Amino acid sequence: MAVKIRLARTGRKKMAFYRVVVADSKMPRDGRCIAYVGTYAPRENPAKIVIDEAVTLKWLSKGALPTETVKSLLKKSGAWKKFQESKAGKPATA
């Protein structure tokens, strides 16, 4: 099962609001998800990004792959940098 961290759209027409979710890659965009890890509100000025770093880092360490959009959101929130630091600090396993 390939797990992705991606956006699920909520909100009404032309008033988008997104949840950052962990889901199986074969599930539909707004279908069943494994976990909710944050929200993204692009309509607010400035755009509001709320990410639960502990849960996100746990899923990233388990091998979940973020989409390009989620990766940019993680970079803006600082969670991606923490993940890279934790990954670099681990000893290499063969």
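You'll find the structure just up there.
Residue numbers here run from 1 along each chain, matching the order of that chain's written sequence. Local features are withheld for residues below a pLDDT of 70 in this predicted model, meaning they are given only at 70 or higher, and side-chain atom pairs are given and counted only at 80 or more; totals for whole chains, interfaces and linings count all residues. Water and hydrogen atoms play no part in the side-chain values, which are based on all heavy atoms of the structure.

Asker: How should I be thinking about helix H2 (residues 68-77) in this particular structure?
Answerer: Helical geometry note: an α-helix holds 3.6 residues per turn, so side chains three or four residues apart project in the same direction. Partly exposed describes any residue whose relative accessible area lies between the buried limit of under 20% and the exposed limit of over 50%, with all areas from a 1.4 Å probe on protein chains only and scaled to the type maximum. Note on conventions: DSSP H or I runs of at least 4 residues are helices, E runs of at least 2 residues are strands, and numbering of each starts at the N terminus. Within H2, the full set of buried residues consists of Val70, Leu73 and Leu74. One side of H2 holds all its buried residues, which, seen down the axis, span an arc of 100°. Away from its buried face, by an angle of more than 90 degrees, H2 presents the exposed residues Glu68, Lys75 and Lys76. Immediately beyond the C-terminal end of H2, within one or two residues, lies Gly78, with a positive phi of roughly 95°. Along the arc lie the directions from the helix axis toward the C-beta atoms.

Asker: How should the pattern of salt bridges be read in this particular structure?
Answerer: Side-chain pairs of opposite charge can arise whenever the charged atoms involved come near each other. Basic side-chain nitrogens of Lys or Arg form a salt bridge, by our definition, when they fall within 4 Å of a carboxyl oxygen of Asp or Glu. Scanning all chains against the criterion turns up 2 salt bridges. The residue Asp30 makes a salt bridge to Arg29 at a minimum N-O spacing of 2.9 Å. Among the ionic pairs, Glu53 bridges to Lys82, the shortest N-O distance being 2.6 Å. Within this pair, whereas Glu53 is found in helix H1 (residues 53-61), its partner Lys82 is found in helix H3 (residues 79-89), the two being separated by 29 residues in sequence. Owing to a relative accessible area of 21%, Glu53 belongs among the partly exposed residues under this scheme.

Asker: Just to check I follow, could you spell out the nonpolar core for this structure?
Answerer: The nonpolar side chains of a soluble globular protein tend to be buried with one another. In plain words, nonpolar cores are sets of buried Ala, Val, Leu, Ile, Met, Phe, Trp, Tyr and Cys residues tied together by side-chain atoms within 4.5 Å. Counting residues in each nonpolar core, the largest one holds 18 residues, and the members touching the most others are Ile5, Val20, Val22, Trp59 and Leu74. Sorting the residues of this core by element identifies strand E1 (3-10), strand E2 (17-24), strand E3 (35-41), H1, H2 and H3 as the ones contributing at least two each. Residue contacts follow a heavy-atom distance rule, with two residues in contact if any of their heavy atoms lie within 4.5 Å. With residues near it in sequence (within four places) discarded, Ile5 still touches Val20, Val21, Val22, Val37, Thr56, Trp59, Leu60, Ala64, Leu65, Pro66, Thr67 and Val70.

Asker: I keep staring at the side chain of Thr56 and nothing clicks. Help me out?
Answerer: The topology assignment puts Thr56 in helix H1. As used in this structure description, the phrase polar contact means that two N or O atoms lie within 3.5 Å; if the pair is within protein, one of them must be able to donate a hydrogen and the other to accept it, and residues adjacent in sequence are counted only when both atoms belong to side chains. In this structure the side chain of Thr56 is engaged in a polar contact, spanning 2.8 Å, whose partner is the backbone oxygen of Asp52. Other than its neighbours up to four places away in sequence, Thr56 contacts Ile5, Val37, Ile51 and Leu74.

Asker: Where do I start with the pairing of E1 in this structure?
Answerer: Where a strand is regular, its side chains alternate between the two sheet faces. Here the rule is simple: two strands pair whenever DSSP picks up at least two bridges between them. Where E1 meets E2, 8 bridges bridge the pair, whose relative direction is antiparallel. Bridge pairing in E2 links Ala8 to Arg19. Counted between consecutive antiparallel strands, the loop separating E1 from E2 contains 6 residues, among which Gly11 sits at a positive phi close to 90°. Of the strand pairs in this sheet, E1 and strand E5 (residues 65-66) are connected by 2 bridges, and their pairing is parallel. The residue of E5 that forms the bridge with Ile5 is Pro66.

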